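What the coordinates show
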Amino acid sequence: MQFTQLALDDETRAFWREVNEFIAANRDPALATEPDVNANDQRLQRALGRRGWNIPHWPKELGGAALSPLQRHILALELSRSGAPLVGRGLTHLILPAVEQFGSQELKAEIFPGVARGDINFCLGYTEPDGGSDMAAARTRAIRDGDEWIIRGAKMFTTTAHLADFSFLIARSDTAAPKHKGLTMFLMPLKVPGVEIRPIQTIADERTNLVFYSDARISDRYRLGAEGDGWNVVSGPLGQEHGHAHGDPERLSEICGQGAGYVADLREVVAEAVDWAKCNGRAADPQVRLRVAQAALEMEAYRNTPGAMGRLAVEGLTRAASDFIDLMGPAGVLAKDTEGHVGHGVIEWSHRHAVGGSTYGGTTEVFRNMVAQRILGLPRPPKPAGASS
Ligand SMILES: Cc1cc2nc3c(=O)[nH]c(=O)nc-3n(C[C@H](O)[C@H](O)[C@H](O)COP(=O)(O)OP(=O)(O)OC[C@H]3O[C@@H](n4cnc5c(N)ncnc54)[C@H](O)[C@@H]3O)c2cc1C
């Protein structure tokens, strides 16, 4: 853990002001209240691209701005604080290192200028209708045909597929090889014949997608890494998402990187509960005081919980939202903009939102296994009877 204080010089302070002015001038106000995954603020992303700030660590020749780690941290912090929906950019940043490392020169020449401009985004094509936790069991087929591949199958919960240009797709290229050896990764173009994207609406008013690949043909240049080496290719982005790869060597990000978003939501939930208690004459009620204090303590604990363990902050959010709805009674379950709803509707919305949060990016049960094995050094849990190796 790093608790070093940073002294900011005048140049850095000026950069910080510039970032905030830039975001205020370029974000799309029409998207201000959109859930993060339903829309991508393309106007802001293209403006970032024009400055070299879409992929800010890239050199200027590649369309970046060669920003320093501290400048990049300030930019990321203010983009996140602005609440502008940029999930497409976030997913692209997650996948980009794998494309840089494993993509062919031809592929990089084709897409990198568009990525830098903010015109091209990626999404994650891991989960299938039959299961998501065991990614290596992927059944979507990739069948080689000369210089092309035929992609056949379906992917479930491909969030932002309707906004993205490519899916980071895990597919089975060899059905005879052992489970982890028969996989190949692709940067799968989504705007080709044979790809059909259907919406799935979540209870948190968010859109995700079911994507069908019906013998979609793509060139071999969209393959990432060697045939059969897909598990190795996907391990970088997966480790990053699960909090055990360090994508922040300068250690400038939040301590609780995995759970920072949930901690921020929890802070709003606690603040709204305090407002509600004050406005409804319940601030002296010992039950109210106890539950607010418990949620506030939990928030502080998660704020200081690093790596994969921080991901469990979503459970603190689930507990707090459900506890406060209990205290508030019927008004607590009324959605924002419904007559009689409480505050800004943050508690009610968090109650619905946290359910998805404990599932996507790996369920909290799977994270518990990771904590047990990787942090506590406990043995792998026994496989359920009938599970494949
Ligand atoms: C809103 C939303 C957005 C998503 N976005 C994406 C996306 O963009 N791209 C993508 O590829 N996927 C996405 N997902 C899918 C998500 O990653 C999977 O839902 C998740 O990995 C779990 O897979 P599953 O739903 O198939 O459940 P399963 O894997 O079938 O699991 C069922 C239950 O068994 C438990 N379980 C499974 N294996 C273990 C184990 N080893 N140890 C302990 N318990 C276990 C799980 O915790 C769960 O409770 C999204 C999901 C949601 C809900």
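Rules used in this analysis
Residues numbered from 1 in each chain as written. Predicted model: local features only at pLDDT ≥ 70, side-chain atom pairs only at ≥ 80, totals over all residues. Heavy atoms only, no water. Core = buried A, V, L, I, M, F, W, Y, C linked by side-chain atoms within 4.5 Å. Buried < 20%, exposed > 50% of the residue type's maximum accessible area, 1.4 Å probe, protein only. Helix = DSSP H or I, 4+ residues; strand = E, 2+ residues; numbered from the N terminus. Contact = heavy atoms within 4.5 Å. Pairing = 2+ DSSP bridges. Near = heavy atom within 4 Å. Polar contact = N/O pair within 3.5 Å; in protein donor to acceptor, adjacent residues only side chain to side chain. Areas by Shrake-Rupley, 256 points an atom, 1.4 Å probe, with all protein chains shown as cover. Phe/Tyr/Trp six-rings, centres within 6.5 Å; stacked < 30°, edge-to-face > 60°. Patch = residues over 30% accessible without salt bridge, like charges linked within 9 Å, V, L, I, M, F, W, Y side chains within 5 Å. Salt bridge = Lys/Arg side-chain N within 4 Å of Asp/Glu carboxyl O.

Moving on: the nonpolar core. With 48 residues, the main nonpolar core has Val 99, Ile 111, Phe 122, Tyr 126, Ile 151, Phe 168 and Leu 224 as its most contacted residues. Residue assignment for this core shows that the elements contributing at least two residues are α4 (87-102), α5 (105-117), β1 (122-125), β3 (148-155), β4 (166-172), β5 (183-189), β7 (207-219) and α6 (230-242). Broken down by element, the residue count for this core peaks at seven residues, all from α4. Of all hydrophobic cores here, the second largest spans 32 residues; its members include Val 288, Leu 312, Ala 321 and Ile 325.

Let's shift gears to helix α2 (residues 42-51). Listed as buried for α2 are Leu 44, Gln 45, Ala 47, Leu 48 and Gly 49. Of the surrounding elements, those touching the buried residues of α2 are α1 (10-26), α3 (69-82), α4 and α5. Downstream of α2 by a residue or two, Gly 52 has a phi angle that is positive, lying close to 85 degrees.

Regarding helix α11 (residues 346-357), the residues found buried are Val 346, Ile 347, Glu 348, Ser 350, Arg 352, His 353, Ala 354 and Gly 357. Close packing links the buried residues of α11 with α7 (260-279) and α10 (313-328).

Here the focus is the pairing of β4. Here β4 lies mainly inside the structure; seven of its seven residues are buried. Across the two faces of β4 the burial is the same, with Phe 166, Phe 168, Ile 170 and Arg 172 and Ser 167, Leu 169 and Ala 171 all buried. With seven bridges connecting them, β4 and β5 associate as antiparallel partners. Paired with Ile 170 across the strands is Met 185, a residue of β5.

In this section: the site of the ligand. Around the ligand, the surrounding shell holds 15 residues, and the nearest of these are Gly 132, Ser 133, Phe 157, Thr 159 and Thr 363. Between a nitrogen atom of the ligand and a main-chain N or O atom of Leu 124, the distance comes to 2.8 Å. Side-chain polar atom of Glu 365 to an oxygen atom of the ligand: 2.8 Å apart, as the coordinates give it. Taking 960 Å² as the accessible area of the ligand by itself, protein coverage stands at 66%. Top contributing element to the shell around the ligand by residue count: helix α12 (residues 364-375), with three residues.

Within the secondary structure layout, Gln 45 lies in helix α2. Reaching out from Gln 45, the side chain makes a polar contact with the side chain of Asn 121 at a distance of 2.9 Å. Among all residues touching Gln 45, those that are not within four sequence positions of it are Asn 40, Asn 54, Leu 86, Arg 89, Arg 117, Gly 118 and Asn 121.

The subject of this paragraph is the packing of aromatic side chains. Using the criterion set out here, one finds seven aromatic pairs in the structure. For the pair Phe 15 and Trp 53, a centre-to-centre distance of 5.5 Å together with 65 degrees between the ring planes defines the contact as edge-to-face. Highlighted residues: Phe 15 in helix α1 and Trp 53 in the loop between α2 and α3, separated in sequence by 38 residues. A residue is classified by how much of its surface remains accessible, and Trp 53, at 3% relative accessible area, is buried. An aromatic cluster is present here, built from Phe 15, Phe 22 and Trp 53 joined pairwise through their rings.

A cluster of nonpolar side chains, Ile 375, Leu 376 and Leu 378, forms an exposed patch at the surface whose accessible area comes to about 290 Å². Note on placement: Leu 378 falls in the segment after α12.

Looking now at unusual backbone geometry. For Thr 160, which is not glycine, the phi dihedral falls at a positive 70 degrees. Mapped onto the elements, Thr 160 comes out in the loop between β3 and β4. Taking relative accessible area as the criterion, Thr 160 reaches 1% and is therefore assigned buried. Despite not being glycine, Asp 337 shows a phi value in the positive range, around 75 degrees. Tracing the sequence through the fold places Asp 337 in the loop between α10 and α11. Under the relative-accessibility criterion, Asp 337 is labelled exposed at 69%.

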